[in-house]
Amino acid sequence: MFFPSSFLAVAIASLVSTATAAPPALPSIAVLKLRIEGLNSTIYEGPIATYGHNVTTASSGNVSFHCDGTNYHVNPTPGPTATSALDDAAHLAQFTWDGNAWTKYDDIFITRIGKDTNNTSQFWGILLGYQYTSVGGCQQRVKNGDDLLFAFDAFSKDYFLKLEAPLVAKVGVPVQFNVTDGMSGVVVGGAVVGGQTSDAEGHVTLTFDKPGVHTFKAEQTNAIRSNAVVIAVSP
Ligand SMILES: *[C@@H]1O[C@H](CO)[C@@H](O)[C@H](O)[C@H]1NC(C)=O
Ligand SMILES: *[C@@H]1O[C@H](CO)[C@@H](O)[C@H](O)[C@H]1NC(C)=O
Ligand SMILES: *[C@@H]1O[C@H](CO)[C@@H](O)[C@H](O)[C@H]1NC(C)=O
Ligand SMILES: *[C@@H]1O[C@H](CO)[C@@H](O)[C@H](O)[C@H]1NC(C)=O
Ligand SMILES: *[C@@H]1O[C@H](CO)[C@@H](O)[C@H](O)[C@H]1NC(C)=O
Ligand SMILES: *[C@@H]1O[C@H](CO)[C@@H](O)[C@H](O)[C@H]1NC(C)=O
């Protein structure tokens, strides 16, 4: 699922109306980029507006659990968190997630997003700015403009692919796409973009024969698939 910015207006409007109904103060809201990469597909990719709030999970008996960064006394004041963003995206885009309350860390261990459930060797990981977070998702505060990623099997992959391309192209004029590892910044050869494989410099060159708007992701065995790039091709 790919969500255009128009979702943002709706998301903010609904948050603000909820917020005004909940005295005493407006919660602090963050608007960030959220991506959820499941086993075989992207579960969510787009902007999300979130604030710190309680969440419930079926595996924890649907008991309300705080998730506003004050968990485990990591932050002194409440605010938006990684897991509040996941929960708000789930409501917006109508997917579900599950997790176990983890009393030792006063956090929720995420076990399932969409239909992808962890087992003893593959787990959901949380990355902020392409780096693993050092604390759980209800402790991890997020802020405006952050790049937040939930990735299935995040701890045994070689790369977290990152794709860059120009925003526009012309029919018949080759366009260069660049594939890198978001975590380390190294270029990645052998990734597939639009049916072509990236070379040793991480480059893929595509030429379009028709005008239109195209969306691409880079994929590679044993890597987390990339962000989507949208490219508008003019005649
Ligand atoms: C994921 O894709 C693999 C093949 O690429 C397939 O064998 C498997 O059934 C798929 N799993 C799910 C949960 O869709
Ligand atoms: C938790 O909520 C889910 C979804 O609403 C429901 O199917 C499940 O039975 C509930 N579990 C408990 C223990 O209340
Ligand atoms: C939020 O969860 C905490 C437990 O983590 C609970 O003490 C508190 O009452 C809940 N707040 C709401 C508004 O449900
Ligand atoms: C864990 O789940 C993945 C994806 O569904 C599967 O490919 C893998 O074989 C499972 N591993 C174990 C140990 O069950
Ligand atoms: C998922 O991970 C948790 C935490 O390590 C573990 O307790 C649980 O057994 C895993 N689930 C499965 C189905 O293996
Ligand atoms: C791709 O990388 C080349 C250098 O290898 C750089 O000149 C170009 O601007 C990059 N393109 C994009 C869209 O980032």
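Scroll up a little and you will see the structure.
Everything numeric in this text was worked out from a predicted model, so none of it was measured.

S.K.: In this structure, what is going on with the sheet that holds strand β4 (residues 107–113)? I would like to understand it.
M.R.: Backbone hydrogen bonds hold the strands of a sheet together, and the pairing may be parallel or antiparallel. With antiparallel pairing, the 3 strands of this open sheet are ordered in space as β3-β4-β5. Looking at strand neighbours, the two that pair on one side only are β3 (97–102) and β5 (116–117), the edges of this open sheet. When β3 meets β4, the two strands line up antiparallel, connected through 6 bridges. Paired with Ala 101 across the strands is Ile 108, a residue of β4. Sheet contacts for helix α2 (residues 82–93): β3 and β4; angle to β3, the most-contacted strand, approximately 150°.

S.K.: Mind showing me how you'd approach the state of the cysteines here?
M.R.: Two cysteines, two sulfur atoms, one covalent bond between them: this is a disulfide. On inspection of all chains with the given rule, the structure shows 1 disulfide. At a sulfur-sulfur separation of 2.1 Å, the disulfide partner of Cys 67 is Cys 138. Because the sign of the S-S torsion sets the handedness, a value of about -85° for the bond joining Cys 67 and Cys 138 places this disulfide among the left-handed ones. Here Cys 67, found in the loop between β2 (42–51) and α2, pairs with Cys 138, found in the loop between β7 (131–132) and β8 (147–152); they are 71 residues apart in sequence, far enough to count as distant.

S.K.: What should I look at first to understand unusual backbone geometry in this one?
M.R.: The bulk of non-glycine residues show a negative phi, and the bulk of peptide bonds are trans. Even without being glycine, Tyr 130 reaches a positive phi, approximately 70°. Along the polypeptide, Tyr 130 turns up in the loop between β6 (124–128) and β7. Taking the relative accessible area as the measure of exposure, Tyr 130 reaches 10% and is therefore buried. With a phi close to 60°, Asp 153 is a non-glycine residue in the positive phi region. Relative to the assigned elements, Asp 153 resides in the loop between β8 and β9 (159–164). Asp 153 sits in the buried class, given a relative accessible area of 6%.

S.K.: Can you walk me through the nonpolar core in this structure?
M.R.: Side chains of a nonpolar character, in soluble globular proteins, are inclined to be buried together. Counting 29 residues, the largest nonpolar core has Ile 36, Phe 95, Ile 113, Leu 148 and Phe 150 as its most contacted members. Those elements giving two or more residues to this core turn out to be β1 (29–37), β2, α2, β4, β6 and β8. Top contributing element to this core by residue count: α2, with 6 residues. Excluding its chain neighbours within four sequence positions, the residues that come into contact with Phe 95 are Ile 36, Ile 43, Tyr 44, Leu 86, Ala 89, Ala 90, Ile 113 and Gly 114. Judged by nonpolar contacts, the second largest core, of 18 residues, contains Ala 169, Ala 191, Phe 216 and Ala 223.

S.K.: When you look at the pattern of salt bridges in this model, what are you seeing that I'm missing?
M.R.: Charged atoms that come close allow side chains of opposite charge to pair. Applying the stated criterion across every chain yields a total of 7 salt bridges. Here Lys 143 and Asp 146 are joined by a salt bridge, their closest N and O atoms 3.0 Å apart. Among the residues examined, Lys 143 registers a relative accessible area of 54% and is labelled exposed. Since its relative accessible area comes to 9%, Asp 146 is described here as buried. Overlapping salt bridges bring together Arg 35, Glu 37, Glu 45, Lys 217 and Arg 225 as one network.

S.K.: What should I look at first to understand the site of ligand 3 in this one?
M.R.: Neighbouring ligand 3 are the residues Asn 54, Ser 64, Phe 65 and His 66. Within the side chain of Asn 54, one N or O atom sits 2.4 Å away from an oxygen atom of ligand 3. One of the backbone N or O atoms of His 66 is found 2.9 Å from an oxygen atom in ligand 3. Its residues placed into classes, the shell around ligand 3 shows 1 nonpolar, 3 polar and no charged.

S.K.: Can you help me understand the packing of aromatic side chains in this one?
M.R.: Here a ring pair, both rings aromatic, is described through the centre-centre distance and the interplanar angle of the planes. All told, the structure shown has 9 aromatic pairs when counted by the stated rule. Where Trp 102 meets Phe 109, the ring centres are 5.5 Å apart and the plane angle is 75°; that geometry is what we call edge-to-face. Looking at Trp 102, the relative accessible area reads 36%, which means it is partly exposed. Seen from their ring centres, Phe 208 and Phe 216 are 6.0 Å apart, and the 50° between their planes marks the pair as tilted.

Definitions and cut-offs
Residues numbered from 1 in each chain as written. Chains lettered and ligands numbered in written order. Predicted model: local features only at pLDDT ≥ 70, side-chain atom pairs only at ≥ 80, totals over all residues. Heavy atoms only, no water. Pairing = 2+ DSSP bridges. Helix = DSSP H or I, 4+ residues; strand = E, 2+ residues; numbered from the N terminus. Contact = heavy atoms within 4.5 Å. Axes fitted to C-alpha atoms, helices over the stretch in contact; angles between N-to-C directions. Disulfide = S-S within 2.5 Å. Buried < 20%, exposed > 50% of the residue type's maximum accessible area, 1.4 Å probe, protein only. Core = buried A, V, L, I, M, F, W, Y, C linked by side-chain atoms within 4.5 Å. Salt bridge = Lys/Arg side-chain N within 4 Å of Asp/Glu carboxyl O. Near = heavy atom within 4 Å. Polar contact = N/O pair within 3.5 Å; in protein donor to acceptor, adjacent residues only side chain to side chain. Nonpolar A, V, L, I, M, F, W, Y, C, P; charged D, E, K, R; others polar. Phe/Tyr/Trp six-rings, centres within 6.5 Å; stacked < 30°, edge-to-face > 60°.

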